[in-house]
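Chains, contacts and geometry: an overview
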Amino acid sequence: MNPRIYVYKITFEETPDWYWGIHKEKKYGEYYMGSPVTNAWKWEFYTPHLQILELFPYTDEGWKEAREVEDRCIKPDLNNPLCLNEATG
């Protein structure tokens, strides 16, 4: 199977926090749980779950479209204290 580009949401079993993201696989089905920086400790302390929300063509245009969707997911949540994203892009 071919690698994928997708927009995802990370949620946690023990807390209502969430994280939006985008990923471009190097290998189909590779393990990936986001790329947090500021709140990275939550990935270690809590149990994260990845939900793939939308798949995109594995092209430059697919990556561009996925980034636009990711931004549309993050922007309304930036001021929500449960959203772990610090910024878009």
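1. What to know about the environment of Thr 11
- By the element assignment, Thr 11 lies in strand 1 (residues 5-12).
- Sequence-distant contacts of Thr 11, that is, excluding residues within four places in its chain, are made with Asp 17, Trp 18, Thr 47, Pro 48 and His 49.

2. Quick look at the side chain of Lys 42
- You can see Lys 42 is positioned in helix 1 (residues 41-45).
- A relative accessible area of 12% places Lys 42 in the buried class.
- With near-sequence residues (within four places) excluded, Lys 42 lies in contact with Phe 12, Asp 17 and Leu 84.

3. Here we look at the packing of aromatic side chains
- Going through the model one piece at a time under the given rule, you end up with nine aromatic pairs.
- Judged by centre distance (5.2 Å) and plane angle (90°), the ring pair of Tyr 19 and Trp 43 falls under edge-to-face. Taken as a pair, Tyr 19 in strand 2 (residues 18-24) and Trp 43 in helix 1 lie far apart in primary sequence, 24 residues in all.
- By relative accessible area, which is 10% here, Tyr 19 ends up buried.
- Taking relative accessible area as the criterion, Trp 43 reaches 11% and is therefore assigned buried.
- Their ring planes at 45° and their centres at 6.0 Å tell us that Trp 41 and Tyr 46 sit as a pair that is tilted.
- Note on Trp 41: relative accessible area 45%, which makes it partly exposed.
- Here a set of aromatic residues connected by ring pairs shows up, and it is made of Tyr 6, Tyr 8, Phe 12, Tyr 19, Tyr 32, Trp 41, Trp 43, Phe 45 and Tyr 46.
- Sitting above the plane of the Trp 18 ring, Lys 9 keeps its charged end 5.3 Å from the centroid.
- For Lys 24, the ring lying beneath its charged end belongs to Tyr 58, and the centroid distance is 5.2 Å.

Parameters and conventions
- Residues numbered from 1 in each chain as written.
- Predicted model: local features only at pLDDT ≥ 70, side-chain atom pairs only at ≥ 80, totals over all residues.
- Heavy atoms only, no water.
- Helix = DSSP H or I, 4+ residues; strand = E, 2+ residues; numbered from the N terminus.
- Contact = heavy atoms within 4.5 Å.
- Buried < 20%, exposed > 50% of the residue type's maximum accessible area, 1.4 Å probe, protein only.
- Phe/Tyr/Trp six-rings, centres within 6.5 Å; stacked < 30°, edge-to-face > 60°.
- Lys NZ or Arg CZ within 6 Å of the ring centre and 35° of its normal.

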